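What follows is the residue order along each chain.
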Amino acid sequence: VQIPNYPYVTVFQIPKNEIRKIDFALCEQPMETLEHYYSRQSKKPDLLFNGGFFYGLTTGNTIMTYVDDYEIISREDWALYGFGVKGDCELVATNYSGEYRDFISGYPPLIHNGSAISSVLGTELNYNARRTIIGYNDQNVYSMFVDLPGLKYGAIQDILLSLGVKEAIKLDGGGSTRCL
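First, a word on what this report is: a plain description of the structure on this page. (Residues numbered from 1 in each chain as written. Predicted model: local features only at pLDDT ≥ 70, side-chain atom pairs only at ≥ 80, totals over all residues. Heavy atoms only, no water.)

### With respect to the packing of aromatic side chains
On inspection of all chains with the given rule, the structure shows five aromatic pairs. Ring geometry for Tyr6 versus Tyr8: centroids 6.0 Å apart, planes at 85°, classification edge-to-face. The side chain of Lys44 reaches across the aromatic face of Tyr38, ending 5.1 Å from its centre. The ring of Tyr127 carries Arg131 above its face, with NZ or CZ at 5.3 Å from the centroid. (Phe/Tyr/Trp six-rings, centres within 6.5 Å; stacked < 30°, edge-to-face > 60°. Lys NZ or Arg CZ within 6 Å of the ring centre and 35° of its normal.)

Okay, structure coming up:
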């Protein structure tokens, strides 16, 4: 999807009826690249991007709640809101409950029930930056990548709402904003 006035924003709009599987997979820790992860997969993903927030490159430990194939990689009480995977291809915006095969929390949540979440505006994290966002509505799943010069949350929320996104969270950004 092309976003007018934002040539540095890339949005992938994937119709839900074309999704075969959504998988939040953990790369080899602490520093496997997306290219290496992709090359070792026998069944190649159609879209691959970095998602979790990490303490640092030396450990690869995430600071968010993250579940991969029902294995709890990290559980943080302050970071329980995110997206779970129901079945093979349905994203569900929820608080972590242990019932989803895969789960990733995101901070901040940007869109909930089709409305911008205003509590994220004006926080210490609201500055122009590279960003990675995932969201969905009834028909599509969206992956949004913001490159330099970056965007603030309000502009991101406006773009998401213009696309009809009902639920969206921010994933890891900055230098981690990459897709393959």
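### Thoughts on the environment of Cys27
Of note, Cys27 is situated in the loop between strand E1 (9-15) and helix H1 (34-39). Spatially, the C-alpha atom of Cys27 lies 9.5 Å from that of Asn50, the residues being 23 residues apart in sequence. (Helix = DSSP H or I, 4+ residues; strand = E, 2+ residues; numbered from the N terminus.)

### Brief notes about the pattern of salt bridges
Under the definition given, this model contains six salt bridges. In this structure, Arg75 engages Asp77 in a salt bridge whose closest nitrogen and oxygen atoms are separated by 2.5 Å. Arg75 gets classed as partly exposed once you look at its relative accessible area, which sits at 42%. For Asp77, a relative accessible area of 60% translates into the label exposed. Of the charged contacts in the structure, one is a salt bridge between Arg130 and Asp147, with a shortest N-O distance of 3.2 Å. Here the residue Arg130 occupies a position in strand E9 (residues 129-136), and Asp147 occupies one in strand E10 (residues 140-151), the gap between them amounting to 17 residues. We classify Arg130 as partly exposed; its relative accessible area is 22%. Through salt bridges that share partners, Asp23, Arg101 and Asp102 make up one connected network. (Salt bridge = Lys/Arg side-chain N within 4 Å of Asp/Glu carboxyl O. Buried < 20%, exposed > 50% of the residue type's maximum accessible area, 1.4 Å probe, protein only.)

### Describing the nonpolar core
In terms of nonpolar packing, the biggest core is built from 19 residues, with Met144, Ile156 and Leu160 touching the most fellow members. The element best represented in this core is helix H2 (residues 153-162), accounting for five residues. Not counting residues up to four positions away in its chain, the partners in contact with Leu160 are Leu110, Ile111, Ile133, Met144, Val165 and Ala168. Listed in part, the 15 residues of the second largest apolar core include Phe24, Tyr81, Val85 and Ile169. (Core = buried A, V, L, I, M, F, W, Y, C linked by side-chain atoms within 4.5 Å. Contact = heavy atoms within 4.5 Å.)

### Section: the sheet that holds strand E2 (residues 66-68)
Strand order across the open sheet formed by five strands is E3-E2-E6-E4-E5, with antiparallel pairing between neighbours. Taken across any chain shown, the strands that pair with only one partner, and hence form the sheet edges, are strand E3 (71-74) and strand E5 (90-95). With direction set aside, neighbouring strand axes in the sheet form an average angle of 25°. With two bridges joining them, E2 and strand E6 (residues 102-105) adopt antiparallel strand pairing. Considered in E6, the bridge of Tyr66 is made with Ile104. (Pairing = 2+ DSSP bridges. Axes fitted to C-alpha atoms, helices over the stretch in contact; angles between N-to-C directions.)

So, to be careful, I would describe these as geometric facts and stop short of saying anything about function.
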